[in-house]
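Overview (structure and organization)
Residue strings, one per chain:
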Amino acid sequence: IGPLLPVCKGVDNEYPTVAVDSTGGVNVAWCRREDGEDHVYLSRYDRGEWSPPVQVSKRGLAADPVLLCDSEGTLHLLWPHYARGEWHLRYASSKGGKISAVREIARASGNDRKPAACLDRDGGIWVAWESDRDGDRNIYAAQIQEGRVLNQFRVSDSKSEDAAPTIAVNKKGDLCVAWHRYVG
């Protein structure tokens, strides 16, 4: 293990996530609290230094970002965003330092939180999250391809509390989702 390399200074920097891109650059996304709001930032370590942090999210609160890098070197960033009294999932991508427009992934009444994401063999992104949109907390999933949301569906259907999903796609292309369930 090499020396510690701080990405940024100050307090209230939390929820880091890291992805290594196709050129070996280390990319980090995290949340930073400023002026009463939490925003998602992105920075890249290359050739011995960190790039200046770039703010990805706007107005509201952000938490728990997830960062992936595909084989083309495109970064994919997902996070829950709180505005107008509810949490909804947001998505942005970045290639060559240029950040795409931010899009909402899940927009239903209720709170969508705790995203997990993976890439499939075709470069598609799969995301799973917990949501209380139907009154009980259940797990949902969706595929994102070329910045568009496809195949959004409910994974669990329980009167118990299902939470904290994790997701993977195997070599055959089968989607695998695991989560924990509060019973009692």
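What this report covers is the structure whose coordinates are included nearby. (Residues numbered from 1 in each chain as written. Predicted model: local features only at pLDDT ≥ 70, side-chain atom pairs only at ≥ 80, totals over all residues. Heavy atoms only, no water.)

Comments concerning the sheet that holds strand β14 (residues 138-145)
Across the sheet, 4 strands lie side by side as β12-β13-β14-β15; this open sheet has antiparallel pairing. Across the chains shown, the open sheet's two edge strands, defined by having one partner strand only, are β12 (112-119) and β15 (148-154). Strand after strand, the sheet turns through a mean of 25 degrees between neighbouring axes, direction not considered. Here β14 pairs with β15 via 5 bridges, running antiparallel. The partner of Gln143 across the bridge, within β15, is Leu150. (Pairing = 2+ DSSP bridges. Helix = DSSP H or I, 4+ residues; strand = E, 2+ residues; numbered from the N terminus. Axes fitted to C-alpha atoms, helices over the stretch in contact; angles between N-to-C directions.)

Some words on the pairing of strand β7 (residues 66-69)
Burial of β7 is two-sided: the residues Val66 and Leu68 facing one way and the residues Leu67 and Cys69 facing the other way are all buried. Here β7 runs beside strand β8 (residues 75-83); their pairing, made up of 4 bridges, is antiparallel. When the sheet's bridge partners are listed, Val66 is paired in β8 with Leu78. Hairpin remark: β7 followed by β8, antiparallel, with 5 residues in the connecting loop; positive phi at Gly73, about 90 degrees. (Buried < 20%, exposed > 50% of the residue type's maximum accessible area, 1.4 Å probe, protein only.)

Fair warning: the whole summary comes from geometry, so function is off the table for now.
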